[in-house]
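Residue-level structure breakdown
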Amino acid sequence: MDLLSSIFVFFAGLWAGTINAVVGSGTLVTFPVLIALGVTPVVASMSNAMGLVAGTAAGAWGYRRELKGRGRQLLRLLPASLLGGISGAWLLLHLPEVVFHYVAPVLLVLALLMVVFQPRLQSWVRNREENPEHAIRDKRHGILLVVLVYLAGVYGGYFVAAQGILLVGILGVFLTGTIQNANAMKNILVLGVNLVAAVSYLLFAFDRINWLVVLLIAVSSTIGGLLGSKVGRRLSPTVLRAVIFALGLVALGFMVANLLK
């Protein structure tokens, strides 16, 4: 990779780390850049995922205040996310990418609808939980949340892109608190999935990792993650929801365009 290509990758990682901290979908910046520079899809996907681990960790650190008092929730959801990441990484190593290329747009549309209607959906869930008549039935909400987080982990371990948008949509509806709290939780869960995927690639696909790409994206996305967390934490819930929706539409556009090729 020449100097100019390295500069392109560095700035793509910077932008990816920034938007990953705010909402997610940073892979939709770095992955197309790597493909345009001639990196093969599987190598690009694995090297990109490994490089973004550092940026995701930086974003999670920047949102640490929004995680206060949520240790139990994390302990309940993180294992599901990690298991999903393991499942997704296994699928990436054994199944053709075309499988998730068809499923991903549908999942993303559902996630965007959950983000847009989060206040109403969250209110509906809370009202049912407070109603004694639905007490037994609504214990299933906790199980459903764990299952959805697991499935989001599978998606993230396999496809990576826009996993954060899926999680913000899920967490925003089923957890108490603001969308900023959901975003903070999302950063931790995505970090867990990315770490699992990275370890899987190291163990089973070491020869398909481009270490220069990993280094460039790791450094730049870390800087971006710190910047993004500062910006994202200052956004109002309405503005943050609008940003998530806008980036989600961009991600959806990329996915549909890939299907039409």
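Summary of the structure given here. In this text the structure is predicted, and so the values were computed from the model without any measurement.

1. Things to note about the overall build of the protein
In terms of regular secondary structure, the protein is built from 11 helices and 0 strands. Taken over 261 residues, the protein has a buried fraction of 53%. Considering only residue pairs separated by 6 or more positions, the protein has 83% of its internal contacts joining residues 24 or more positions apart. As presented, the protein carries roughly 12200 Å² of accessible surface, and 71% of it is formed by carbon and sulfur atoms.

2. Some details on the nonpolar core
Residues Leu 77, Leu 145, Val 149, Leu 167, Leu 171 and Met 185 are the most contacted members of the largest nonpolar core, which totals 19 residues. Secondary structure elements with two or more residues in this core: helix 4 (71-94), helix 7 (140-158), helix 8 (163-174) and helix 9 (179-204). If we skip the residues at most four places from it in the chain, Leu 145 touches Arg 76, Leu 77, Ile 170, Leu 171, Phe 174 and Leu 175. Met 46, Val 154, Ala 197 and Ile 209 belong to the second largest nonpolar core, which has 15 residues in total.

3. With respect to the side chain of Arg 70
Secondary-structure assignment places Arg 70 in the loop between helix 3 (41-62) and helix 4. The side chain of Arg 70 is buried and forms no salt bridge, while Glu 66, the nearest opposite charge, is found at 9.2 Å. Residues within four places of Arg 70 in sequence aside, it is in contact with Thr 176, Gly 177, Asn 181 and Met 185.

4. Description of helix 8
Taking 1.5 Å of rise per residue, 12 residues should cover 16 Å, and helix 8 covers 17 Å from first to last C-alpha, within 8% of that figure. Among the 12 residues in helix 8, 12 count as buried, and that is most of the element.

5. Remarks on a nonpolar patch on the surface
Taken together, the side chains of Met 1, Leu 4, Phe 8, Leu 37, Leu 212, Leu 215, Val 219, Ile 223 and Leu 227 make up a nonpolar region of the molecular surface, amounting to roughly 800 Å² of accessible area. The residue Ile 223 is located in helix 10 (residues 211-233) in this model. With relative accessibility at 39%, the residue Ile 223 sits in the partly exposed group.

6. Quick notes on the packing of aromatic side chains
Each aromatic ring pair is described using two quantities: the centre-to-centre distance and the angle formed by the ring planes. A complete count under the given rule lists 2 aromatic pairs for this structure. Ring centres of Phe 10 and Phe 11 lie 5.8 Å apart, and the angle between their planes is 85°; this geometry places the pair in the edge-to-face category. By relative accessible area, which is 24% here, Phe 10 ends up partly exposed. Measuring from centroid to centroid gives 5.6 Å for Phe 206 and Trp 211, while their planes differ by 50°, and the two rings are tilted. In this structure Trp 211 comes out as partly exposed when scored by relative accessible area, which is 39%. Lying over the aromatic face of Trp 61, Arg 64 brings its terminal NZ or CZ to 4.1 Å of the ring centre.

7. Side note on the packing of helix 8 against helix 9
Look at helix 8 against helix 9: their axes get within 9 Å of each other, and the N-to-C directions meet at 135°. One element, helix 8, and the other, helix 9, form an angle in the oblique class. Between helix 8 and helix 9 lies a crossing of right-handed hand. Between helix 8, through Gln 163, Gly 164, Leu 167, Val 168, Leu 171 and Gly 172, and helix 9, the contact on the second element is made entirely by Ile 179, Ala 182, Asn 183, Met 185, Lys 186, Leu 189, Val 190, Val 193 and Asn 194. Of the residues contributing to the contact of helix 8 with helix 9, the split by class is 9 nonpolar, 5 polar and 1 charged.

8. A word on helix 1 (residues 3-22)
Taking 1.5 Å per residue, 20 residues should reach 28 Å; helix 1 reaches 29 Å between its end C-alpha atoms and fits that length. By the burial criterion, the buried members of helix 1 are Ser 5, Ser 6, Val 9, Ala 12, Gly 13, Ala 16, Gly 17, Thr 18, Ile 19, Asn 20, Ala 21 and Val 22. Sitting at the amino-terminal end of helix 1 is Asp 2, which places a side-chain oxygen 3.4 Å from the backbone nitrogen of Leu 4.

9. Description of the environment of Gly 26
Mapped onto the fold, Gly 26 is located in the loop between helix 1 and helix 2 (27-36). A residue is classified by how much of its surface remains accessible, and Gly 26, at 0% relative accessible area, is buried. Gly 26 sits 13 residues away from Gly 13 along the chain, and the two C-alpha atoms are 8.0 Å apart.

10. Observations concerning the environment of Leu 37
Tracing the chain through its elements places Leu 37 in the loop between helix 2 and helix 3. By relative accessible area, Leu 37 is classed as partly exposed at 33%. Residues Leu 37 and Met 1, spaced 36 residues apart in sequence, show a C-alpha to C-alpha distance of 8.5 Å. With residues up to four places along the chain from it excluded, the contact list for Leu 37 reads Ser 5 and Val 9.

Cut-offs applied
- Residues numbered from 1 in each chain as written.
- Predicted model: local features only at pLDDT ≥ 70, side-chain atom pairs only at ≥ 80, totals over all residues.
- Heavy atoms only, no water.
- Helix = DSSP H or I, 4+ residues; strand = E, 2+ residues; numbered from the N terminus.
- Buried < 20%, exposed > 50% of the residue type's maximum accessible area, 1.4 Å probe, protein only.
- Contact = heavy atoms within 4.5 Å.
- Areas by Shrake-Rupley, 256 points an atom, 1.4 Å probe, with all protein chains shown as cover.
- Core = buried A, V, L, I, M, F, W, Y, C linked by side-chain atoms within 4.5 Å.
- Lys, Arg positive; Asp, Glu negative; His and termini not counted.
- Salt bridge = Lys/Arg side-chain N within 4 Å of Asp/Glu carboxyl O.
- Expected span 1.5 Å × (residues − 1).
- Patch = residues over 30% accessible without salt bridge, like charges linked within 9 Å, V, L, I, M, F, W, Y side chains within 5 Å.
- Phe/Tyr/Trp six-rings, centres within 6.5 Å; stacked < 30°, edge-to-face > 60°.
- Lys NZ or Arg CZ within 6 Å of the ring centre and 35° of its normal.
- Axes fitted to C-alpha atoms, helices over the stretch in contact; angles between N-to-C directions.
- Parallel < 35°, antiparallel > 145°, perpendicular 65-115°, else oblique.
- Left-handed = near helix turned anticlockwise from the far one by under 90°.
- Nonpolar A, V, L, I, M, F, W, Y, C, P; charged D, E, K, R; others polar.
- Polar contact = N/O pair within 3.5 Å; in protein donor to acceptor, adjacent residues only side chain to side chain.

On their own, these measurements won't tell you what the molecule is for.
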